Structure formats: C-alpha cells, structure tokens
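A look at the structure
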Amino acid sequence: MKLLEKGQRWSMEVKCTGKGNGGCGCGARLLIEKDDIYLTHHYDFSGEHEIFYTFKCIDCGAETDIKSEYVPVSIQKKLLEEYRNKQYVKRYGEKNEL
C-alpha cells in the first residue's frame, strides 16, 4: 500500500458562548477535536428527552452545545453508541450521569 496523502483529523473552530448551558461563556476562540465533545441531555416537563453535543472551555470551564449538523456522523454514532452502552466517561474524568 502506498500513502498518497495524509488524512487530517477532524477539528472545528468554535467560540465559548455557553449556548444551551446558561450562556455564561467567556468568548474564547478554541479549536476542538472529536475527543473534546461529549454528550449532555435534558428532559422537559412533558418527558421529552434531548441529547446535545457539548464541549467544555479550557479557559473558563463553561459548557457550550454544538449543533449536530457540525459534528461528523461518525463521531455522533460513536458517542451515541457509548452513551447507549452506558460506558461513556466524560473526557475530564467524571462518570456519565446520563
């Protein structure tokens, strides 16, 4: 096999806004990769359950949600599989409470 061109890892430039989590972001510009994203969730009064793709700012610690259309399907599938298997652990070491 011959390598024609090195592949690139997925990354995305984002801004820490706190969107979906109280809006308390610091405005830092960050470059995130797949290992920086984890799942958070919300139940409303009617029992509806929503899952969000979230990252934690390394500057202020605020969590910001990312629209699912910006997260590659392969990453979404992996995170959802881990979530369903209840083996998901947040990157910074906390056990998943989902």
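For the structure, check the block above.
Here we summarise the structure given alongside this text. In this text, all values refer to a predicted model and were calculated from it rather than measured experimentally.

What counts, and at which threshold
- Residues numbered from 1 in each chain as written.
- Predicted model: local features only at pLDDT ≥ 70, side-chain atom pairs only at ≥ 80, totals over all residues.
- Heavy atoms only, no water.
- Salt bridge = Lys/Arg side-chain N within 4 Å of Asp/Glu carboxyl O.
- Helix = DSSP H or I, 4+ residues; strand = E, 2+ residues; numbered from the N terminus.
- Buried < 20%, exposed > 50% of the residue type's maximum accessible area, 1.4 Å probe, protein only.
- Expected span 1.5 Å × (residues − 1).
- Arc of directions from axis to C-beta.
- Disulfide = S-S within 2.5 Å.

For the rest of this paragraph, the subject is the pattern of salt bridges. According to the stated counting rule, one finds three salt bridges in the structure shown. Between R9 and E33 there is a salt bridge, with its nearest N and O atoms 3.1 Å apart. Taken as a pair, R9 in the segment before β1 (11-15) and E33 in strand β2 (residues 29-33) lie far apart in primary sequence, 24 residues in all. Overall, the relative accessible area of 59% leaves R9 in the exposed class. Of the charged contacts, one joins E13 and R29 as a salt bridge, the two residues approaching to 2.7 Å between their closest N and O atoms.

The terminal C-alpha atoms of helix α1 (residues 73-84) lie 16 Å apart, and with twelve residues this matches the ideal 16 Å at 1.5 Å per residue to within 8%. Listed as buried for α1 are I75, Q76, L79, L80 and Y83. Seen along its axis, α1 keeps its buried residues to an arc of 125°; they face one direction. Facing away from the buried side of α1 by more than 90 degrees, the exposed set consists of V73, S74, K77, E81 and R84.

For the rest of this paragraph, the subject is the state of the cysteines. Per the stated rule, a full pass over the model turns up zero disulfides. Looking at C16, it has no disulfide partner, and the nearest cysteine sulfur is the one in C60, 3.6 Å off. Taking the relative accessible area as the measure of exposure, C16 reaches 2% and is therefore buried.

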